[in-house]
Amino acid sequence: MTPSSKSETFLEVDGHEVRISNPDKVVFPDPGLTKLDLARYYVAVADGALRGAGGRPMVLKRFVKGLAQEPFFQKRVPEGHPDYIDTATLHYARGTSAEEAVLRDAAGLAWVSNLGCLDLNPHAVRAEDLDHPDELRVDLDPMPGVDWSQIVDVAFIAREALEDHGLLGWPKTSGSRGLHILVRIEPRWGFADVRLAAETLAREVENRAPGLATARWWKEERGESVFVDFNQNAKDRTVASAYSVRPLPDARVSTPLDWDEVRSRRPEEFTVGSVLTRFAERGDPHSGIDATAGSLDALLTLAERLGPAEKPPRAGDGEGRRVSQMPLVEVARTKTKPEATEALARWRDLHPEAAARLHPADELIDGMRGSSSLWYRVRVNLQHVPEAERPDQGELLADYDPWAGRR
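Keep in mind the model is a prediction, meaning the values are calculated, not measured.

**Some words on the overall build of the protein chain**
Helix and strand counts for the protein chain come out as nine helices and 17 strands. Seen along its three principal axes, the alpha-carbon backbone of the protein chain occupies a region of about 70 × 50 × 45 Å. Classification of the 407 residues of the protein chain by burial places 52% in the buried group. A sequence separation of at least 24 residues applies to 68% of the contacts in the protein chain between residues at least 6 apart. For the protein chain, the computed accessible surface area is about 18,600 Å², with 47% contributed by carbon and sulfur atoms.

The following block contains the structure:
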């Protein structure tokens, strides 16, 4: 490492000189982690991080203004990228395409870290075959009010269901509240079949654990359960991969686990500092994942036996959109999550009697994908409020338009 000025530093990584701009800029104030610390972290855990993200096209999720601001999503690799960054051109379902970054080595990890990418968001395909995923992703997403023990119970049921259908699951913390189970598969099926297999697995887990797990797509219908999010296997989707640093104040890390750790460990234990120590002492628990690719035949056979998934009822709203059967009111649309939380608190203050009857899962704050960043929709499910006491849909407390000026 040779400092060249006050505003940049260079890391020697795999024979490459990687520029780190503003190396002393503090990204995580609580643990005091700087941009340089994060680049060094990714170099130190590169063997594990590349097992999850290496060789795959990736969306760059950039926190260029720090944790306090929403990130923006950049699909196209920046012009003038270094020669150790590979690329692949993805064609999206909407008819667009993008030449995305493909990381091959630790230098690439340091490079994307310098761009403000805290977490790594690769697609489920390899750059050499963009049409056939080699990974099925099981995302266990808890609704509000669900504790860790319920997530763990669902994870073991999912593990059992996978094994009953000839597949091996590898667990990791999501780095937030949930768990991911990664499943290597033979790259013989297209995205539609992989998503169908994932949806079938979700339905099977729900059948084995009614009340604990759900495969219901509409959030207001899930209750206090763990959503087995099969749609993470759709063509355009990415998820935070192993060893990704998540944008939480404690610099939490999405961390691979052994199954015998899943019940005893907690997500908050795994931060940049603790994962560096853990990785140095024991390496990557997922080191054998690439040798376990399995077949989707059994899950696809189960899909035929179960038949099409039940679709939520639809009613016309004049524009062809789904109308929920739940008594929902929309509270706000906001640019940031803190603004969404504030709007929900204002609604509760305006309607204290109704708010007192809400269950945790009745308060819905949804991150919605805009043109290049997330925005937030705030809704309240009034199912637990007597009909005569339900507040009417009023004017939105905030009405952010994520597409203003872009139409």
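Next comes the rest of the description.
**Topic: the sheet that holds strand 17 (residues 374-381)**
The strand order 15-17-16 describes an open sheet built from three strands, whose pairing is antiparallel. The open sheet terminates on both sides in strands that have one partner only, identified here as strand 15 (328-334) and strand 16 (363-369). In this sheet, adjacent strand axes meet at a mean angle of 25 degrees when their direction is disregarded.

**Re empty space enclosed by the protein**
Under the definition given, this model contains six cavities of 30 Å³ or more. Taken as a whole, the largest cavity holds about 60 Å³ of empty space. Of all elements in the fold, only helix 2 (46-53) and strand 12 (179-184) reach the threshold of two or more residues within the lining of the largest cavity. At three residues, the largest contribution of residues to the lining of the largest cavity is made by helix 2. Class assignment of the residues belonging to the lining of the largest cavity gives a composition of five nonpolar, three polar and four charged. Reported here for the second largest cavity is a volume of approximately 40 Å³. For the second largest cavity, the full set of lining residues is Gly52, Pro122, Glu135, Arg137, Lys172, Leu182, Val239, Ala240 and Ser241. In the lining of the second largest cavity, the residues fall into four nonpolar, two polar and three charged.

Definitions and limits used
Residues numbered from 1 in each chain as written. Predicted model: local features only at pLDDT ≥ 70, side-chain atom pairs only at ≥ 80, totals over all residues. Heavy atoms only, no water. Helix = DSSP H or I, 4+ residues; strand = E, 2+ residues; numbered from the N terminus. Buried < 20%, exposed > 50% of the residue type's maximum accessible area, 1.4 Å probe, protein only. Contact = heavy atoms within 4.5 Å. Areas by Shrake-Rupley, 256 points an atom, 1.4 Å probe, with all protein chains shown as cover. Pairing = 2+ DSSP bridges. Axes fitted to C-alpha atoms, helices over the stretch in contact; angles between N-to-C directions. 1 Å grid on protein atoms, 1.4 Å probe; cavity = no way out; pocket = protein on both sides within 12 Å on 5 of 7 lines; lining within 4 Å. Points joined across faces, edges and corners; volume = space filled by probe spheres on them. Nonpolar A, V, L, I, M, F, W, Y, C, P; charged D, E, K, R; others polar.

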